[in-house]
Amino acid sequence: MRTLFSFVILLCLSLQVKAQYYVKGQEPAWVKWKQISNPRYRVIYPQNHDSLAAVFDYYLDKSLNLVSTSLEHRPKLFPVVFHSNSVLSNGFVSWAPKRMEIVSSYPFDSSPEPWLYHLALHETRHVVQIDKLNSNGFYKYTNYILGQQSIGGALVFLPLWFLEGDAVNAETIYSNGGRGRQAPFYRHYLTHFSVNSGSEFSFDKWLLGSYKDFIPSHYNLGYQIVGFTNHRYGDAVWSNSLTQVARKPYNVMPFQIAVRKGTGYSTKQIFNQVVNYHDSIFRTFKDEVDIIEYKELISKPTSKDYTEYSFPFVTTDSVLIAFKKGLSQTPSIIAVDLKTGKEKLLHKPGYITSRMSYSEKSIYWSEYKADSRWGYLNYSNIWVYDHSQKRARRITAKSRYFNPVELKYGYIAVIEQLSTGASAISIIDRMGEALKTKPVRLDHELKEICVGENDEIFARCATPNGMIILRYQDLDNEPDTIMSPVFRDISNLAYGNGNLFFTMTHNYREEVFSINIQYGNILKHTTSMFGLSNISISQSNLTASGFNQNGSLPVRVDINSSKPYKMENTIEPFYPQKGKGILQNPDFIQETPQSSSHKSYSKFANLFNIHSWAPVYYNPTEIANGTVEVYPGVTLVSQNLTSTLVSSIGYSYNITHGYHAHFEWQGWFPKIQAGVDYGNSYGLAFRGPLAPEGVAYHSEPDWQAKVRVRLPFILSSGNLLSVVNLGVQYVHNNTWIWNHITRDYQKGIAGLEPYFSFYAVTQMAHRDIRPRHGIQLYASRLNSPFQKHIYGETSMLKGWFFFPGLLQNHSLLLTFQRENQSTEQYIRGPRYSAPRGYDPAFVESVFTLSFDYSLPVAYPDFPVGPVVYFKRFVANVFTDFASQNEFVRTETGTIIENYRNGSAGIEVTADVNLLRTPYPFRIGYRGGFKITNGALFHNLILSFDISNITGFDANNHFFKVDL
């Protein structure tokens, strides 16, 4: 048991190290940078964004003063990298190298405050959390030994729910907005606990997720625990817990021990108190006399599978259009005939970047599109589905358009995010040509638009003073203000009969309201049980998504029922906490600051940023590949802040002294990786035929040089993700090899390998084991250009073909391999994967074919104490075949014989989480028999999901180790 526990800890540590060396992507090579210097941080940003950078500089400065107090720590100097060319709103803090990265493009959510305001609070809280660990106790000293990577060991003991939940709590209590004030963020907990009179699920299930039921993310769970604890026990609990993790890492669970000491309860027991708190909240409104049961437009599913119907709209011919997604289904646009109940698939879009809209003839949406190379350059294009043509088409390319709504004559109004950081309402035609653009103020974030009478446009904007609604009777004139600024989560605009309808959190639920355009009075139309959203109006009827414990269903709302409503400027968070300061907004946001602190930032002068080191030698560029060799020595690791160069140098000692240098350059379109290793051992000599041994060391230190150049192309990034890689790798070393022709040693072996890889796979639903449709190909040709008379060429072709199985979430995988070797004096080692149960052999040629049929067996969601949590059991039936021309040694020499072999069997695996960590492991058993002789074979399987750390990689979903 102790050995298993140690193995799990070491494996978790390795996962954390992988997460530390985090490269999200790069800005395009042509981007030039500037910086703002501050005694506590510096902001590095693309030029021409001085105003946005200055505003974020202000927010950071004030945020540090606020969020540092409760954790009792002031962080040291840290850098911030500002990105403005991506439409994927995001922010994160990483610590090797230490930095905060910010995407300035705002999301189209219901937050009433500016995006940078929100990010400053949330991400600065992360800086304070991690810097406190890094500056106290044990990790203060490991910093001297390991540099910034040392914090990876501390993060093993900190649950993700705490890190993110604490940051969500900070963004809420130090502002007038935040997700803790928005019903959609905690709705599922309130709904589930009230329907089931408590929690139907175990704490481990809420913590670690499920394939059987919908479980919100660790952001949501973290706010529940952190917010409640602060509300009930005070925020000193978390400050003390971080201190204990830093000072007592020798405790197996220092964080959990500290939480129990600060509250008197375990985390699990605190969550049970959260359940009771929700019950008390629900009792405050469940007996309201005006709660309305709405008319559901479709029948409730017979199963309890979680399914959401978003953006519902009813056409004049009684057809419901909606965006449907579920645990077993990828997101789809569907049509339901309300007369017959028959559902029809219209289209499977990619990632939708804002809400959908409808007319009687068309469906409009904006969809994410990745750039072919640069991670921080991407787009939001407008798409339309035409009912008459029964197909979808892309209207714009390489645009930053969102929230399309149809005007008269087929024109389309969109929100455009301009390159300056401002936003505008733009008019385009159905061919994507821009006709007119109306920018708004820099401190107004256009969150949503809808169309009223005579093509007037209503716009919802987040501002430093709260959410406002503007009315553009035409874009040539300035707008009227329909609603003055309020710190409320207003969203889902829909116009009808002289009223502008919207949704907003009230009494812990999202409800439907309206404002009369002429008189400005506000009405409240609904008092629902669990909330309504995604409203639309057609034929004077309001359609919405009505939420329940299994998702949401399209419902029809009676908008004639209403009550006058007095708008409050703000509301309390779900977990109120008193005595917190509020981040104030700057007054200079409309002006471009003229400050000497804005200076140029040289990419080349800042190529090297040594952030970590170690008293041993290892190659950090190989960590993501799962291969790490460690020797006595020293390592220095560098990664520049714009993530274009990762490099390392090191010294090692094994048999002899070794010197190492490696780098990967990603600042140009081709990615270039190179490395030199000299020494550490002596060079190999493949001895002549009369020598008693085949291989020995010669007297010179071993050395190897490697260069790889790769051209990656992202072809598509919608429902189908397709990527092409063209590359070439050259390796040269000083191995000596006996030349049988010249009868002497040839010094140095070189290998040149051009290769090609391609994959195209469809989006996966949550329950999918593999992509339902897809193809993956890999081809290479390895040769030795300077030793052609010694080594021949080896070609390799591999293919994977993904097909859906007989039932939903079943998967059929067809795999083939073809390896051919033209031999000269020496035979190259095998590169193919042998049929299961066999070892690879030295072959002249080989062809393999495999069939794998996988299916989910059960979703137990069963915890065994805090040690292991069983999430899913999967069965895989396999059959492997191989035909190979194998080299066989005989008394008269080496001959080639053809062998055919194969195997068949079954693999039974369990998807599990260990020690309540979020990292998914797969453990199981493989049993089979060899078709040629009937011999049985057995293996234990242990694997972990690399994509959970590094993102999706079609080459290797799971890293597998046979025990």
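Engineer: Please explain the overall build of the protein as it appears in this structure.
Structural biologist: When helices and strands are tallied, the protein shows 13 helices and 49 strands. Relative to its length of 963 residues, the protein is compact, with a C-alpha radius of gyration of 30 Å against a globular reference of 30 Å. When the backbone C-alpha atoms are referred to their principal axes, the protein occupies close to 105 × 65 × 60 Å. In the protein, buried positions account for 58% of the 963 residues. A separation threshold of at least 6 residues defines the contact pool for the protein, and within that pool the share at least 24 residues apart is 57%.

Engineer: I keep staring at the pairing of strand E45 (residues 868-890) and nothing clicks. Help me out?
Structural biologist: Put simply, side chains in a regular strand alternate between the two faces of the sheet. Pairing analysis gives 14 bridges linking strand E43 (residues 843-858) to E45, with the strands arranged antiparallel. Residue pairing for E45: aspartate 852 is matched across the bridge by phenylalanine 878. Between strand E44 (residues 862-864) and E45, which pair antiparallel one after the other, the connecting turn spans 3 residues, and glycine 865 there sits at a positive phi close to 55°.

Engineer: Before we go on, may I ask you to explain the nonpolar core in this structure?
Structural biologist: Within soluble globular proteins, side chains that are nonpolar tend to cluster in buried spots. Phe56 and Trp238 are the most contacted members of the largest nonpolar core, which has 104 residues in total. The leading source of residues in this core is helix H2 (residues 50-71), at 11 residues. Apart from the residues lying within four places of it in its own chain, the contact partners of tryptophan 238 are Leu71, Trp161, Phe162, Ile225, Val226, Thr229, Asn230, Phe255 and Val259. One finds Cys450, Met467, Phe502 and Ile515 within the second-largest nonpolar core, a separate group that totals 20 residues.

Engineer: I tried to follow the environment of glutamine 256 on my own but got confused; where do I start?
Structural biologist: Relative to the helices and strands, glutamine 256 resides in helix H11 (residues 254-263). Placed 602 residues apart in sequence, glutamine 256 and alanine 858 show a C-alpha to C-alpha distance of 31 Å.

Engineer: Can you help me understand the sheet that holds strand E31 (residues 598-601) in this one?
Structural biologist: Each strand in a sheet pairs with another by means of backbone hydrogen bonds, the pair being arranged parallel or else antiparallel. Ordered in space as E4-E5-E3-E2-E1-E31, the 6 strands form an open sheet in which the pairing is mixed. Both outer strands of the open sheet, strand E4 (91-95) and E31, are each paired with one neighbouring strand and no more. Averaged over all adjacent pairs, the angle separating strand axes in this sheet is 25°, with direction ignored. The sheet contact formed by E4 and strand E5 (residues 98-103) spans 5 bridges and is antiparallel. Bridging from a neighbouring strand, phenylalanine 92 pairs with glutamate 101 of E5. Relative to strand E2 (residues 41-46), H2 is tilted by about 155°, and along the sheet it contacts strand E1 (33-38), E2, strand E3 (78-83), E5 and E31. Packed onto the sheet, helix H3 (residues 115-134) meets E3, E4 and E5 and runs at close to 20° relative to E4.

Engineer: Would you take a moment to explain unusual backbone geometry for this structure?
Structural biologist: A negative phi holds for most residues other than glycine; trans holds for most peptide bonds. Backbone torsion omega between alanine 96 and proline 97 reads 5°, so that peptide bond is classified as cis. Residue placement: proline 97 occurs in the loop between E4 and E5. A positive phi angle, near 70°, is found at asparagine 809, a position not held by glycine.

Engineer: Would you mind showing me how to read the confidence of the model for the protein here?
Structural biologist: Note that predicted coordinates carrying low pLDDT should not be read in detail. With 92% of its residues at a pLDDT of 70 or more, the protein shows a mean pLDDT of 89. Note on residues 588-593: pLDDT under 50 across the span, and 17 contacts to partners over four residues away in sequence or across chains.

Engineer: Where do I start with H2 in this structure?
Structural biologist: What sets the pattern is the α-helix's 3.6 residues per turn: residues three or four places apart point alike. Helix length check: H2 (22 residues) gives 32 Å between terminal C-alpha atoms against 32 Å at 1.5 Å per residue, within 8%. The largest bend in H2 comes to about 30°, at serine 63.

Engineer: I tried to follow the environment of proline 835 on my own but got confused; where do I start?
Structural biologist: With respect to the helices, strands and loops of the structure, proline 835 is situated in the loop between strand E42 (811-821) and E43. We classify proline 835 as buried; its relative accessible area is 3%. Expressed as a C-alpha distance, the spacing of proline 835 and lysine 747, which sit 88 residues apart in the sequence, is 36 Å. Apart from the residues lying within four places of it in its own chain, the contact partners of proline 835 are Asp880, Phe881, Ala882, Asn901 and Ser903.

Engineer: Got a minute to help me understand the side chain of glutamine 817 in this structure?
Structural biologist: Note on placement: glutamine 817 falls in strand E42. Looking at glutamine 817, its side chain comes within polar contact range of the main-chain oxygen of serine 833, at 2.9 Å. Within the structure, the side chain of glutamine 817 is placed 2.9 Å from the side chain of threonine 848, a separation counted as a polar contact. With residues up to four places along the chain from it excluded, the contact list for glutamine 817 reads Leu797, Lys798, Tyr832, Ser833, Val846, Phe847 and Thr848.

Engineer: Which parts of the structure should I look at to understand the pattern of salt bridges?
Structural biologist: Under the defined criterion, the tally for this structure stands at 33 salt bridges. Salt-bridge contacts for glutamate 448 lead to arginine 460; the nearest nitrogen and oxygen are separated by 3.0 Å. One end of the pair, glutamate 448, is in strand E19 (residues 445-451); the other, arginine 460, is in strand E20 (residues 457-463), with 12 residues separating them in the sequence. The same class applies to glutamate 448 and to arginine 460, which are both buried. Notably, a salt bridge pairs arginine 836 with aspartate 852, separated by 3.0 Å at the nearest N-O pair. Taken as a pair, arginine 836 in the loop between E42 and E43 and aspartate 852 in strand E43 lie far apart in primary sequence, 16 residues in all. With respect to class, arginine 836 is no different from aspartate 852; both count as buried. Each member of the salt-bridge network shares a partner with another, and the members are Arg836, Asp852, Asp880, Glu907 and Arg926.

Engineer: How do you make sense of the sheet that holds E19 when you look at a structure like this?
Structural biologist: If you walk across this open sheet you meet the 4 strands as E19-E20-E21-E22, and the pairing is antiparallel. Every interior strand has two partners, whereas the edge strands, E19 and strand E22 (480-486), have only one. Neighbouring strand axes in the sheet, compared pairwise and without regard to direction, differ in orientation by 15° on average. As defined by bridge partners, E19 adjoins E20 across 6 bridges and the pair is classed as antiparallel. Within E20, the position partnered with glutamate 448 by the bridge is arginine 460.

Engineer: Explain the side chain of arginine 509 here, please?
Structural biologist: Position of arginine 509 relative to the elements: it lies in strand E25 (residues 509-516). Look at arginine 509 and you get buried, because its relative accessible area is 2%. At 2.5 Å, the side chain of arginine 509 and the backbone oxygen of serine 528 are in polar contact.

Engineer: Looking at this structure, I do not really get helix H9 (residues 218-233). What am I missing?
Structural biologist: Over its 16 residues, H9 extends 21 Å from the first C-alpha to the last, a length consistent with the 22 Å expected when each residue adds 1.5 Å. Of all the residues in H9, the buried ones are Asn220, Leu221, Gly222, Tyr223, Gln224, Ile225, Val226, Gly227, Phe228, Thr229 and Asn230. As for H9, its buried residues are in contact with helix H6 (160-173), helix H7 (183-195), helix H8 (203-208), helix H10 (236-247), H11 and helix H12 (267-283). Once H9 ends, the next one or two residues include glycine 234, with phi positive near 95°.

Engineer: Would you mind going over the packing of H10 against H11 with me for this structure?
Structural biologist: In a pair of packed helices, the angle between the axes and the distance between the axes together describe the arrangement. Axis separation between H10 and H11 bottoms out at 8 Å; the angle between their running directions is 145°. Crossing of H10 against H11: the hand is right-handed. Two secondary-structure elements touch here, H10 through Val237, Trp238, Asn240, Ser241, Gln244 and Val245 and H11 through Pro254, Phe255, Ala258, Val259, Gly262 and Thr263. Of the residues assigned to the contact of H10 with H11, the class counts are 7 nonpolar, 5 polar and no charged.

Engineer: So what exactly am I meant to see when it comes to the packing of H6 against H9 here?
Structural biologist: Relative to each other, H6 and H9 sit at 70°, their axes nearing to 7 Å. Compared by their axis directions, H6 and H9 come out roughly perpendicular. Crossing of H6 over H9 shows right-handed handedness. Across from Leu160, Trp161, Phe162, Glu164, Gly165, Asp166, Val168 and Asn169 in H6, the residues of H9 making contact are His218, Tyr219, Leu221, Gly222, Tyr223, Ile225, Val226, Gly227 and Asn230. Per-class residue counts for the contact of H6 with H9 are 9 nonpolar, 6 polar and 2 charged.

About the thresholds
- Residues numbered from 1 in each chain as written.
- Predicted model: local features only at pLDDT ≥ 70, side-chain atom pairs only at ≥ 80, totals over all residues.
- Heavy atoms only, no water.
- Helix = DSSP H or I, 4+ residues; strand = E, 2+ residues; numbered from the N terminus.
- Rg over C-alpha atoms; globule rule 2.2 N^0.38 Å.
- Buried < 20%, exposed > 50% of the residue type's maximum accessible area, 1.4 Å probe, protein only.
- Contact = heavy atoms within 4.5 Å.
- Pairing = 2+ DSSP bridges.
- Core = buried A, V, L, I, M, F, W, Y, C linked by side-chain atoms within 4.5 Å.
- Axes fitted to C-alpha atoms, helices over the stretch in contact; angles between N-to-C directions.
- pLDDT = per-residue confidence, 0-100.
- Expected span 1.5 Å × (residues − 1).
- Bend = angle between axes of the 7 residues up to and from the residue.
- Polar contact = N/O pair within 3.5 Å; in protein donor to acceptor, adjacent residues only side chain to side chain.
- Salt bridge = Lys/Arg side-chain N within 4 Å of Asp/Glu carboxyl O.
- Left-handed = near helix turned anticlockwise from the far one by under 90°.
- Nonpolar A, V, L, I, M, F, W, Y, C, P; charged D, E, K, R; others polar.
- Parallel < 35°, antiparallel > 145°, perpendicular 65-115°, else oblique.

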